[in-house]
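# Fold and contact review
This is what each chain is made of:
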Amino acid sequence: MSPVLSEFERAIERGLFRVPECTECGAAVWPLSEFCSVCLGVVRLGPGYGDGSRRLRGRIVECSMEIPSGRFTGSSSSSVRRSFFCLVAFECGIRLIARLAAPVPPAPGDLVVLSSCGLSPEGSGYIFEVSTPDAPEDPASPTNM
Amino acid sequence: MRRACIVGCGTTGFTSDTSEALESVLLRSVKDLFDSTPECDRRDVEAVIVSNASGGCAGSGSAGHNSYGGDGGGGGGSVGDSSGGSRDGSSRPGSAGSPPARDHHASRRGSGYMAPILAELAGMRPRAAHTVESLCSSGTNAIVSGYAHVASGLADVVLVSGAEIRDTPGRILWWDDSRGQFKHPVYWASLLTSGYKRAFGVSDDDLAVVPARAYENARSNPDALRPEVTPTVEDVAGSRRLTGDLRLLDCSRPCTGGASILIASENAAGRYTDNPVWIAGVGQSVTSAGFAKHSDPSRIESARMACRDALRMAGSRGGGAARGVGATLSISDVDVAEIHDAFSVCEPMILEALGMAEPGRGAAASRELYETASRRVNPRGGLIGAGHPLGATGLAQAAEVARQLRCEARGRQADHHEVGLVHNMAAAGTSSTALVMVR
């Protein structure tokens, strides 16, 4: 395992998502690699998100609903928080699929923030969760990612 | 470049058997090929190229994660089971779960070197033998490698053989951390389905015609995984929900199976057949490896580019001559096509990418195919109807088009065909390979 991947995994194990960035051109590199896909510069890890001190915002590109064990009820009750998986474009330039728990289906363009991350207990990779932001939308928030 | 053609085909039945060794499946498809091409001496084969989605390292690892607990489905990924993977992106064939049932077989020990193994088992002594791995499009990429050997003059006769065991670790792209914990193919398929439905006002019911026609066509395909199963549109609509946008019968099913073709140069072909099928055009496109790089979840851009390039190459090499259209060839000249319908939504998306339907009209085109019981697209049942043995799929598609063009498709033979097309893709459509074939 490369040093930067080891460092990344140590952070995400503690719930911190450290954005891999190129030291030459500044591009975000995801999935993580030792070198930048734009300029082949060396990649380092930026500050972490996920501990509540900083917010990584993004917008939903597309989404669908999870149906655990295939038990689809078709319930439209707004009192039940359902689980969705969403392709999210984050403002840092990274796109990934994350889980969102929400009472109503999200829509493309909805603003979300990275709320938690970690390692899958089964060893199948990383876990990402997003949530809808509590605060009113920042007018300077990303709109075209 | 020299011209290259297909002079023989062989296929196995597709099954759910996971006890068979990879080399056995390969060998059965090779035997079928040589049984039906008796003029070809196996000693004529100068190169053997094997297609397998695990790179020949098939195994029955089953770490148990990402399992969907179902009983089938999944383009390039079974809904019913899963295989090992690790956080550093490497596959772990056979690294967890129960020991393989028959681990004395080379493939069951995770051995590579499958092309030389096949050459030895089939009594061939080729100059070259290697394996091609490109997940679900391993088959057509292996054909391109075989075509290149012949076109360049490196070989006159090349055997291209593909196979997969149902529980292959090649079903899931563990490297792609942009998928987070949603690595199983049903998730990307759900997001493409959601995107396509949203963009063009398509409903789940509109997409249900795709599996209904696929299974109907597969009824006359003796190699199909379960030709006796013929769900109706209502059955598809009522099948178990896997996600908010995907039902069980929307999914192709991983299976065990093999397929082989024999490619020959123009000089050699006459020794084996008077009915060759020429590989007139090749197109390939890789837009990314990771799913999240998809710029538009309602389109499969790699399919559009690969098919455009394959048609352009075929036209520039006189591929249209068979139709009396000189040096041009367009999608309207294609009489029969095998396209990569790993999930229901893939059919309309690919029809649009190929130009067989206008943008946004793919679902309407799928409905027309269904209502006319057409065999122009996926006459053997496609991946949904016939099954999806990853490393064999592209070869089975090419074998079907070759058989259609040679009027050897028996019960599923449609009209007299002169121009055929194969589209095969991998990893959520991040790459595609297309072949244009002419009689």
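None of these values were measured; they are calculated from a predicted model. (Residues numbered from 1 in each chain as written. Chains lettered and ligands numbered in written order. Predicted model: local features only at pLDDT ≥ 70, side-chain atom pairs only at ≥ 80, totals over all residues. Heavy atoms only, no water.)

## Let's talk about the overall build of chain A
- The number of helices and strands found in chain A is one helix and seven strands.
- Of the regular secondary structure in chain A, the N- to C-terminal order runs α-β-β-β-β-β-β-β.
- In chain A, which comprises 145 residues, the proportion classed as buried is 49%.
- Long-range pairs, those at least 24 residues apart, make up 52% of the contacts in chain A with a sequence separation of at least 6.
- Within the structure as shown, chain A displays about 7,000 Å² of accessible surface, and the carbon and sulfur contribution to it stands at 50%. (Helix = DSSP H or I, 4+ residues; strand = E, 2+ residues; numbered from the N terminus. Buried < 20%, exposed > 50% of the residue type's maximum accessible area, 1.4 Å probe, protein only. Contact = heavy atoms within 4.5 Å. Areas by Shrake-Rupley, 256 points an atom, 1.4 Å probe, with all protein chains shown as cover.)

## Observations concerning the sheet that holds strand β8 (residues 277-286) of chain B
All names here are of chain B.
- Taking strand neighbours across the sheet as the criterion, the nine strands line up as β3-β2-β4-β7-β1-β8-β11-β10-β9 in an open arrangement whose pairing is mixed. The sheet is open, and its two edges are formed by β3 (128-132) and β9 (336-338), each paired on a single side. Here the strands of the sheet are splayed against their neighbours by 25° on average, with no regard to which way each runs.
- Summarising the sheet, β9 and strand β10 (residues 419-426) pair through three bridges and their orientation is parallel. Within β10, the residue paired with E338 across the bridge is V422.
- Its contacts with the sheet place helix α3 (residues 138-152) against β1 (4-11), β2 (47-51), β3, β4 (157-164), β7 (257-265), β8, β10 and β11 (431-438), and it is angled at close to 165° to β2. (Pairing = 2+ DSSP bridges. Axes fitted to C-alpha atoms, helices over the stretch in contact; angles between N-to-C directions.)

## Section: the pattern of salt bridges
- This model, assessed by the stated rule, comprises 27 salt bridges over all chains.
- For the salt bridge of R18(A) with E7(A), the shortest nitrogen-to-oxygen distance reads 3.1 Å. Of this pair, R18(A) sits in strand β1 (residues 17-22) while E7(A) sits in helix α1 (residues 3-13), placing them eleven residues apart in sequence.
- Here R127(B) makes a salt bridge to E46(B), at a shortest N to O gap of 3.4 Å. Residue R127(B) is found in the loop between α2 (114-121) and β3, and its partner E46(B) is found in the loop between α1 (22-36) and β2; the two are separated by 81 residues along the sequence.
- Linked through salt bridges whose partners overlap, the residues forming this network are K197(B), D204(B), R241(B) and D245(B). (Salt bridge = Lys/Arg side-chain N within 4 Å of Asp/Glu carboxyl O.)

## So, the pairing of β7(B)
All names here are of chain B.
- Burial runs high along β7: nine of the nine residues are buried.
- Alternating residues of β7 divide into G257, A259, I261, I263 and S265 and G258, S260, L262 and A264, and every residue in both groups is buried.
- The sheet contact formed by β4 and β7 spans eight bridges and is antiparallel. Its bridge partner lying in β7, E164 is registered against G257.

## Some details on the sheet that holds strand β5 (residues 95-102) of chain A
Residue and element names in this part refer to chain A.
- Strand order in this closed barrel of five strands is β3-β4-β5-β7-β6, and the pairing throughout is mixed. Taken over all neighbouring pairs, the strand axes of this sheet differ in orientation by 45° on average, direction set aside.
- The strands touched by α1 are β6 (111-119) and β7 (126-131); relative to β7, the strand with the most contacts, the crossing angle is about 50°.

## Considerations on the nonpolar core
Residue and element names in this part refer to chain B.
- Formed by 86 residues in total, the largest nonpolar core has its most connected members in V48, L159, F343 and V436.
- No other element matches helix α4 (residues 185-200), which puts seven residues into this core.
- When sequence neighbours within four positions are dropped, the list of residues in contact with V436 reads W278, I279, A280, G281, A310, L311, A314, L329, V419, G420 and L421. (Core = buried A, V, L, I, M, F, W, Y, C linked by side-chain atoms within 4.5 Å.)

## Concerning the packing of helix α6 (residues 209-218) of chain B against helix α11 (residues 362-371) of chain B
Residues and elements named next belong to chain B.
- Running from N to C, α6 and α11 point in directions that differ by 35°, and their axes come no closer than 9 Å. For α6 against α11, the interelement crossing comes out left-handed. In this structure, α6 contributes V209, V210, A212 and R213 to the contact, and α11 contributes S366, R367, L369 and Y370.
- Partitioning the contact of α6 with α11 into residue classes produces five nonpolar, one polar and two charged. (Left-handed = near helix turned anticlockwise from the far one by under 90°. Nonpolar A, V, L, I, M, F, W, Y, C, P; charged D, E, K, R; others polar.)

## Considering the side chain of S265(B)
Residues and elements named next belong to chain B.
- Looking at the secondary structure, you find S265 in strand β7.
- At 2.6 Å, the side chain of S265 and the side chain of D156 are in polar contact.
- Apart from the residues within four sequence positions on either side, S265 is in contact with R2, R3, V150 and D156. (Polar contact = N/O pair within 3.5 Å; in protein donor to acceptor, adjacent residues only side chain to side chain.)

## What to know about the side chain of E352(B)
Residue and element names in this part refer to chain B.
- Within the element layout of this structure, E352 appears in helix α10 (residues 346-354).
- Here G360 takes part through its backbone nitrogen, which lies 3.0 Å from a polar atom of the side chain of E352.
- Once residues lying within four places of it in the same chain are set aside, the contact partners of E352 are Y196, F200, A357, E358, P359, G360, R361 and G362.

## Some details on a nonpolar patch on the surface
Residues and elements named next belong to chain A.
- On the surface, F35, L40 and V42 cluster together into a nonpolar patch covering about 310 Å² of accessible area.
- Relative to the assigned elements, F35 resides in the loop between β1 and β2 (43-49).
- Using a relative accessible area of 43% as the deciding quantity, one classes F35 as partly exposed. (Patch = residues over 30% accessible without salt bridge, like charges linked within 9 Å, V, L, I, M, F, W, Y side chains within 5 Å.)

## Looking at the packing of aromatic side chains
- Taken as a whole and assessed by the stated rule, the structure comprises 13 aromatic pairs over all chains.
- Consider the rings of F8(A) and W30(A), whose centres lie 5.6 Å apart with planes at 45°: the pair is tilted. Placement of the pair is F8(A) in helix α1 and W30(A) in the loop between β1 and β2, with a sequence separation of 22 residues.
- According to the relative accessible area criterion, F8(A) is buried, its value standing at 0%.
- Here the aromatic rings of F182(B) and Y187(B) are separated by 5.0 Å at their centres, their planes lie at 75°, and the arrangement is edge-to-face.
- Judged by its relative accessible area of 1%, F182(B) falls in the buried class.
- Through a chain of ring-to-ring contacts, the aromatic side chains of F8(A), F17(A), W30(A), Y126(A) and F128(A) assemble into a single cluster.
- In this structure, R3(B) is placed above the aromatic ring of W278(B), and the distance from its NZ or CZ to the ring centre is 3.9 Å. (Phe/Tyr/Trp six-rings, centres within 6.5 Å; stacked < 30°, edge-to-face > 60°. Lys NZ or Arg CZ within 6 Å of the ring centre and 35° of its normal.)

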